[in-house]
Amino acid sequence: QVQLQESGPGLVKPSQTLSLACTVSGASITADTFYWNWIRQSPGKGLEWIGYIARSGNAYYSPSLKRRASISRDTSKNLFTLQLTTVTPEDTAVYYCVRWSKSDYVEGYDYWGQGTQVTVAS
């Protein structure tokens, strides 16, 4: 079975960099038809898509976060990462890593990590 697990510090100081990793089991991050995403949710808000990395290693980002977000991967460890620079308290959220699966008839988010709380505060 496919499992995604987020990890990283739960507290980040303002202006510093948020760094998270997502370890994947049961599927290869270099396999075809999969895209590996970061999504976050703040209290009282809906889900906000941050970006994804494709099997090619190319990454794509939400326009609102493009300046600050960076997604990379380590294929030897079958994980991908998120770095978000110059964070503010508005970046406080639960961060999820999520797989997007694509086929001829069905595509969408099919596997989610459990989420990890990240708080930005001094």
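Residues numbered from 1 in each chain as written. Predicted model: local features only at pLDDT ≥ 70, side-chain atom pairs only at ≥ 80, totals over all residues. Heavy atoms only, no water.

A. Expanded view of the overall build of the protein. Regarding its fold elements, the protein presents 0 helices and 11 strands. When the elements of the protein are put in sequence order from the N terminus, they spell out β-β-β-β-β-β-β-β-β-β-β. Seen along its three principal axes, the alpha-carbon backbone of the protein occupies a region of about 45 × 30 × 25 Å. Each of the 122 residues in the protein was classed as buried or not, and the buried ones make up 39%. Long-range contacts, defined here as pairs at least 24 residues apart, represent 54% of the contacts in the protein between residues at least 6 apart. Of the roughly 6,800 Å² of accessible surface on the protein, 49% is carried by carbon and sulfur atoms. (Helix = DSSP H or I, 4+ residues; strand = E, 2+ residues; numbered from the N terminus. Buried < 20%, exposed > 50% of the residue type's maximum accessible area, 1.4 Å probe, protein only. Contact = heavy atoms within 4.5 Å. Areas by Shrake-Rupley, 256 points an atom, 1.4 Å probe, with all protein chains shown as cover.)

B. Quick look at the pattern of salt bridges. Tallied over the entire structure, the rule returns 4 salt bridges. Ionic pairing is found between aspartate 91 and arginine 40, a salt bridge with its closest N-O pair at 2.9 Å. In this pair, aspartate 91 sits in the loop between β8 (79–84) and β9 (93–102) while arginine 40 sits in strand β4 (residues 34–41), placing the two residues 51 residues apart along the sequence. Both residues of the pair, aspartate 91 and arginine 40, count as buried. One salt bridge connects arginine 68 with aspartate 91, and the closest N-O pair in it is separated by 3.0 Å. Of this pair, arginine 68 sits in the loop between β6 (59–61) and β7 (69–74) while aspartate 91 is found in the loop between β8 and β9, placing the two residues 23 residues apart along the sequence. Classification of aspartate 91 as buried rests on a relative accessible area of 2%. Residues joined in a network through salt bridges with shared partners are Arg40, Glu48, Arg68 and Asp91. (Salt bridge = Lys/Arg side-chain N within 4 Å of Asp/Glu carboxyl O.)

C. Main features of the pairing of strand β3 (residues 18–25). Two elements, strand β1 (residues 3–7) and β3, share 5 bridges in a ladder whose sense is antiparallel. Within β3, the position partnered with glutamine 3 by the bridge is serine 25. Alignment of β3 against β8, held across 6 bridges, turns out to be antiparallel. Residue leucine 20 lies in a different strand from β8, and its bridge partner there is leucine 82. (Pairing = 2+ DSSP bridges.)

D. Seen up close, the nonpolar core. Leu18, Trp36, Trp38, Phe80 and Tyr95 are the most contacted members of the largest nonpolar core, which totals 26 residues. With 4 residues, the single largest contributor to this core is β3. (Core = buried A, V, L, I, M, F, W, Y, C linked by side-chain atoms within 4.5 Å.)

E. Broad picture of the state of the cysteines. Applying the stated rule across the entire model yields 1 disulfide. Cysteine 22 shares a disulfide with cysteine 97; S-S distance 2.1 Å. Handedness here is read from the sign of the S-S torsion; for cysteine 22 and cysteine 97, about 70 degrees, the answer is right-handed. With cysteine 22 in strand β3 and cysteine 97 in strand β9, this pair connects stretches of sequence that are 75 residues apart. (Disulfide = S-S within 2.5 Å.)

F. Spotlight on the packing of aromatic side chains. Applying the stated rule across the entire model yields 9 aromatic pairs. Centre to centre, the rings of phenylalanine 34 and tryptophan 36 are 6.1 Å apart; their planes meet at 70 degrees, and the pair counts as edge-to-face. Judged by its relative accessible area of 16%, phenylalanine 34 falls in the buried class. Since its relative accessible area comes to 0%, tryptophan 36 is described here as buried. Aromatic rings pair up to connect Phe34, Trp36, Trp38 and Phe80 into one cluster. The ring centre of phenylalanine 34 lies 3.8 Å from the NZ or CZ of arginine 99, which sits over that ring. (Phe/Tyr/Trp six-rings, centres within 6.5 Å; stacked < 30°, edge-to-face > 60°. Lys NZ or Arg CZ within 6 Å of the ring centre and 35° of its normal.)

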